[in-house]
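Descriptive analysis of the structure
Each chain, letter by letter, is given below.
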Amino acid sequence: MKVSELYRPQVVTARGGEDLTVAASRMAFHEIGSLAVFDRERLVGIITESDVARAVAAGRDCSRATVRELMTPQPVTVGLGWDAARAAWLMLVVGARHLPVVEAGRVMGMVSARDLLAMEAWDFLKAGIATGTGR
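If you're wondering where the values come from, they're calculated on a predicted model, not measured in any experiment.

Analysis parameters
- Residues numbered from 1 in each chain as written.
- Predicted model: local features only at pLDDT ≥ 70, side-chain atom pairs only at ≥ 80, totals over all residues.
- Heavy atoms only, no water.
- Helix = DSSP H or I, 4+ residues; strand = E, 2+ residues; numbered from the N terminus.
- Buried < 20%, exposed > 50% of the residue type's maximum accessible area, 1.4 Å probe, protein only.
- Arc of directions from axis to C-beta.
- Polar contact = N/O pair within 3.5 Å; in protein donor to acceptor, adjacent residues only side chain to side chain.
- Contact = heavy atoms within 4.5 Å.
- Pairing = 2+ DSSP bridges.
- Axes fitted to C-alpha atoms, helices over the stretch in contact; angles between N-to-C directions.
- Core = buried A, V, L, I, M, F, W, Y, C linked by side-chain atoms within 4.5 Å.
- Phe/Tyr/Trp six-rings, centres within 6.5 Å; stacked < 30°, edge-to-face > 60°.
- Lys NZ or Arg CZ within 6 Å of the ring centre and 35° of its normal.

Positioned with a positive phi, R40 is a non-glycine residue whose angle comes to about 60°. Along the polypeptide, R40 turns up in the loop between β2 (34-39) and β3 (42-48). For Q74, which is not a glycine, the phi torsion comes out positive at approximately 45°. Secondary-structure assignment places Q74 in the loop between β4 (72-73) and α4 (84-94). Note on Q74: relative accessible area 69%, which makes it exposed.

Spelled out as structure tokens, the structure:
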């Protein structure tokens, strides 16, 4: 299966100067775990729910801390044509749960560990149903 078959094509963004409260609210509103961080038209980072949780745990004032301070700069990306297993392997190697999907220099969306897990669960269910062993 390819990344193009399971990624989320919605690109929800943040700006580096925004405070964490704004970024966290945007993630909650869209029910997503990460935001692509842009400087004008260029992807410069990614901020995740884990970044926000670490800031809260460290006692940071999220209304004063900025996305730029806590984002992962220059995130690792994958392409639409990538094999999903390769994307999962890359997530494990770099310790990420969200990767921007980039094609021809343009951010097309995000793929998450949850998307990849859903793919695995679907494959498992299909195999079980086909063999009569699924529950």
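Buried residues of helix α1 (residues 20-30): L20, A23 and M27, and no others. Buried residues in α1, looked at end-on, bunch into an arc of 65°, giving them a common side. Pointing more than 90 degrees away from the buried face of α1 are the exposed residues A28 and F29. Capping of α1 at its N-terminal end is provided by D19; its side-chain oxygen lies 2.9 Å from the backbone amide nitrogen of T21.

On to the environment of M91, then. Here M91 lies in helix α4. A residue is classified by how much of its surface remains accessible, and M91, at 5% relative accessible area, is buried. Placed 14 residues apart in sequence, M91 and T77 show a C-alpha to C-alpha distance of 9.8 Å. Apart from residues no more than four positions distant in its own chain, M91 is found in contact with A96, R97, H98, L99, V111, S112, A113 and L116.

The strands making up a sheet associate through hydrogen bonds between their backbones, and the pairing can be parallel or antiparallel. Strand order in the open sheet formed by four strands is β1-β2-β3-β4, with mixed pairing between adjacent strands. Where the open sheet ends on each side, the last strands, each with one partner, are β1 (13-15) and β4. Relative to the sheet, α1 contacts β1, β2 and β3, its axis offset from that of β2 by approximately 130°.

With that settled, the discussion passes to the pairing of β3. Side-chain direction in a regular strand flips from residue to residue, so the side chains alternate between the two faces of the sheet. Of all seven residues that make up β3, six are buried, and the element is covered over most of its length. Pairing geometry for β3 and β4, over two bridges, is antiparallel. Bridge assignment links G45 to a residue of β4, and that residue is P73.

To continue, consider the nonpolar core. Core analysis: the biggest nonpolar cluster contains 15 residues, and L20, L35, V37, I47, V67 and M71 have the highest contact counts within it. Within the residue set of this core, elements represented by two or more residues are α1, β2, β3 and α2 (49-57). Broken down by element, this core gets its largest block of residues, three residues, from α1. Residues L6, L80, A87 and M91 belong to the second largest nonpolar core, which totals 13 residues.

Overall, the coordinates contain zero aromatic pairs when judged by the stated rule. Against the face of W82 rests R86, its NZ or CZ located 3.7 Å from the ring centre.

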